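Here's the letter readout for the chains.
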Amino acid sequence: MALNKKIAYIDLSEKTVKMENIPLEMRKKYLGGRGIDAYLLYNHCPKGADPLGPENVLLVSAGLLVGTPASASARTHVMAKSPLTGAVGSSNMGGFFGPEMRWAGFDHLVIKGKAEKPTYIWINDGKIEFRDASELMGLAPPQVEQAVREELADDEIKVMSIGIAGENLVRFAIVETGLKNAGGRSGMGTVMGSKNLKAIAVRGTGDIEIKHPEEVLEYDLNFINGIVNTKFGRIMQKWGTMFIYGVTNSTGLVRVRNFQANQLPASEDLECENIEDYSFGTEGCFSCSLHCRHKYIIKEGEYAGTYAQGPEYTSQGAFGAEVGCRSFNTVLTGNHLVNYYGLDTLEVGSLIAWAFELYEKGIITDKDTGGLKLEWGNDDVVLKMIEKIAKREDIGDTLAEGPLRAAKKIGKGSEKYLIHVKGMSNLHSDERPTPSLALGIATGTRGSDHLRSRPAIDLYHLPEPVLRKIYSYPVPYDGPLTSDYRDYKGKPWQVFWQEMCYMAVDCLGICKYHTKFLSPNNPAFKEWPELIKLITDLDFTPEEIWEIAERAYNLEKLFNIREGFTRKDDALVDRYFDEPTPDGLALVRGKSIDRKKFKKMLDEYYAHHGWDEKGVVPDKTLERLGLKSEPSNAL
Amino acid sequence: MARKTGREEQVRCLNCLERFKVKRGSDKEACPKCKMEWRISWHHDGMAKIRGPVWNKVKK
């Protein structure tokens, strides 16, 4: 049944494996996925551990509903102490790896130590072994998957692996499965590389018993019909997340030339409609009806003829607006290259843009760049920089260390041009006119987070009664709410609510596009209990799911506090406050974040969380959430 | 075929936030309230979406 999957403790140094059942009590407290991983990280990663050392623990999990008929139940979660930030490292990917891992009998992997030589873990229907990965080194993740399938003579094997960026310990290397499903943020691929772990391969022919199969199919059909019939769902099916650019750039909510502008005029060639000239269809993840991932072939340049998938909104920024480029071919090529080398597209784009601004201002020169002209709009240079970062060549070696270490190495005041939170670069959205989005990125537990704290529906100008219906359930809220995304009122509650929503969906292993992220009409706390009941027979109320999310989120917060993060780290760089937006529509022009109002928002946000004014979790909140005895080492 | 919402041929002006109707198949429309001109694209379901501004009409 859905609850009988195991946890495997894998020691790469000793080459040992221990398997245990997951107590029902843990499910009731944390559900699964990111929830149990938060517990495992806090309990298994010692304070002060070197993120690149053997003590760091790499956690790989599938959420409670992954691999079942639940719509979009595809997500694999990866967690460790981040080598980029030193805080919680956490990332989430789609595809088919998580379901296969569950069918193989496992929900959670806890990987410690460091292999003596390049290794991959092979999980096959309940058995786990260590295999030599020396022939896989230097291969891109899709090539790794192919090679493993050939070696083990099974085309159904799913592989999660790292590219050369992970092998080279680039601090924002990704984990990847398939052609494009990436766990991108916070350097989880780097942790794998530091353990000499090239890949994890899984094959499972086992079952997940569904308690009420006919009822769940009927219930889920309502989910699916609801989601695919929203305006958002239909747009996603046609254009993927790239549709967001049409809204944000038109308004003036994108970061251009590394924060020097907030709109890229005459950038029709970056708009999502261009994918229609390249795409020959879309694909989806396990159990998903949206199929938001385009399949395309690059038409021009050095990589003409290459097949790839995507791209996402992040690549329109990374290889478009942020670096002043206007070529859709560059976006498509850049997307392919980051997946090929195994790099976080968002981090890469932000760091390249930062380097371009430093070059513009003479802080770095041709001597630092190996002769490359880091000039805005230079498509060839942007694409070359991706390779340089992956291979740690010239300036790429410096940028591969991530924003803070790179700035320390360059010096000369370069840090003040960084756009980051807690040492992780920001998405290319410009949050100066949107206080809710600004607060969300500042307070995210893994650093700048455009996904797990983002009240994206704040941009939709929804009427106040609609907002109240969403944000007053399942926990009552009678404070202010406003349709105006430029207003500060009520935004701390919206950020807090969305954090709980995303944590819950990450515990279940369902895609965020199937909750109240980009559509206010999608399922959330009200709908999940019935789904969980029909699949597992576990009973939860919406309020209990909220409490589980709070509990897990507080463990992430406790981890960060233990690692030395304080209120001063829940912050935005000075540019957000000191440089008003120069461009965009009248309603967003001349906007910057107000320091006093931001401080007030942060105070209110902490209060909603039950934290004190320093952002510390007091005993009262620990007791309420049953965390007083943590770390408890129960799992 | 997707369920109709009744708002397929409406878009919301990003400038003044007013909803307005667009002519089916049109690739350019001006907001009746603020007069900002928008390029329109269409989902095969007959649903309109703002693609972006008419850039040469955007005030600097």
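Residues numbered from 1 in each chain as written. Chains lettered and ligands numbered in written order. Predicted model: local features only at pLDDT ≥ 70, side-chain atom pairs only at ≥ 80, totals over all residues.

## Observations regarding the sheet that holds strand 2 (residues 16-21) of chain A
Residues and elements named next belong to chain A. With respect to topology, 6 strands assemble into an open sheet ordered 2-1-6-3-4-5, the strand pairing being mixed. Edge positions in the sheet fall to strand 2 and strand 5 (88-93), since each of these pairs with one other strand and no more. Neighbour to neighbour, the strand axes of the sheet diverge by 15 degrees on average, direction disregarded. Against the sheet, helix 2 (residues 33-44) contacts strand 3 (58-62), strand 4 (76-81), strand 5 and strand 6 (106-112), and its axis sits at roughly 160 degrees relative to strand 3. (Pairing = 2+ DSSP bridges. Helix = DSSP H or I, 4+ residues; strand = E, 2+ residues; numbered from the N terminus. Axes fitted to C-alpha atoms, helices over the stretch in contact; angles between N-to-C directions. Contact = placed C-beta atoms within 7 Å.)

## A word on the interface of chain B and chain A
Opposite the 18 residues of chain B that make contact, chain A presents 18 residues. With 5 residues, the top contributor of residues to the side of chain B that touches chain A is strand 5 (residues 48-53) of chain B. Considered class by class, the residues forming the side of chain B that touches chain A number 8 nonpolar, 5 polar and 5 charged. (Nonpolar A, V, L, I, M, F, W, Y, C, P; charged D, E, K, R; others polar.)

## Examining helix 19 (residues 491-508) of chain A
Given a rise of 1.5 Å per residue, 18 residues ought to cover 26 Å, and the 26 Å separating the end C-alpha atoms of helix 19 of chain A matches this to within 8%. Taken from the residues just after helix 19 of chain A, A:Gly509 is the one with a positive phi, measuring 85 degrees. (Expected span 1.5 Å × (residues − 1).)

## Some words on the nonpolar core
Counting residues in hydrophobic clusters, the biggest one holds 212 residues, and the most contacted among them are A:Leu59, A:Leu343, A:Ala355 and A:Ala504. For A:Leu343, the contacting residues outside a window of four places in its chain are A:Ala165, A:Val170, A:Phe172, A:Ala173, A:Ile174, A:Val338, A:Val348, A:Ile386, A:Ile389 and A:Ala390. (Core = buried A, V, L, I, M, F, W, Y, C linked by C-beta atoms within 7 Å. Buried ≥ 20, exposed ≤ 12 C-beta atoms within 10 Å, placed from the backbone.)

## Some remarks on the packing of helix 2 of chain A against helix 21 (residues 542-562) of chain A
Residues and elements named next belong to chain A. Where helix 2 meets helix 21, the closest approach of the two axes is 9 Å, and the angle between their N-to-C directions is 30 degrees. When the axis of helix 2 is compared with that of helix 21, the two are roughly parallel. Crossing handedness for the pair helix 2 and helix 21: left-handed. Judged by residue contacts, Arg-34, Gly-35, Ala-38, Tyr-39, Leu-41 and Tyr-42 of helix 2 engage Ile-548, Ala-552, Leu-555, Glu-556, Leu-558 and Phe-559 from helix 21. Here the residues of the contact of helix 2 with helix 21 sort into 9 nonpolar, 1 polar and 2 charged. (Parallel < 35°, antiparallel > 145°, perpendicular 65-115°, else oblique. Left-handed = near helix turned anticlockwise from the far one by under 90°.)

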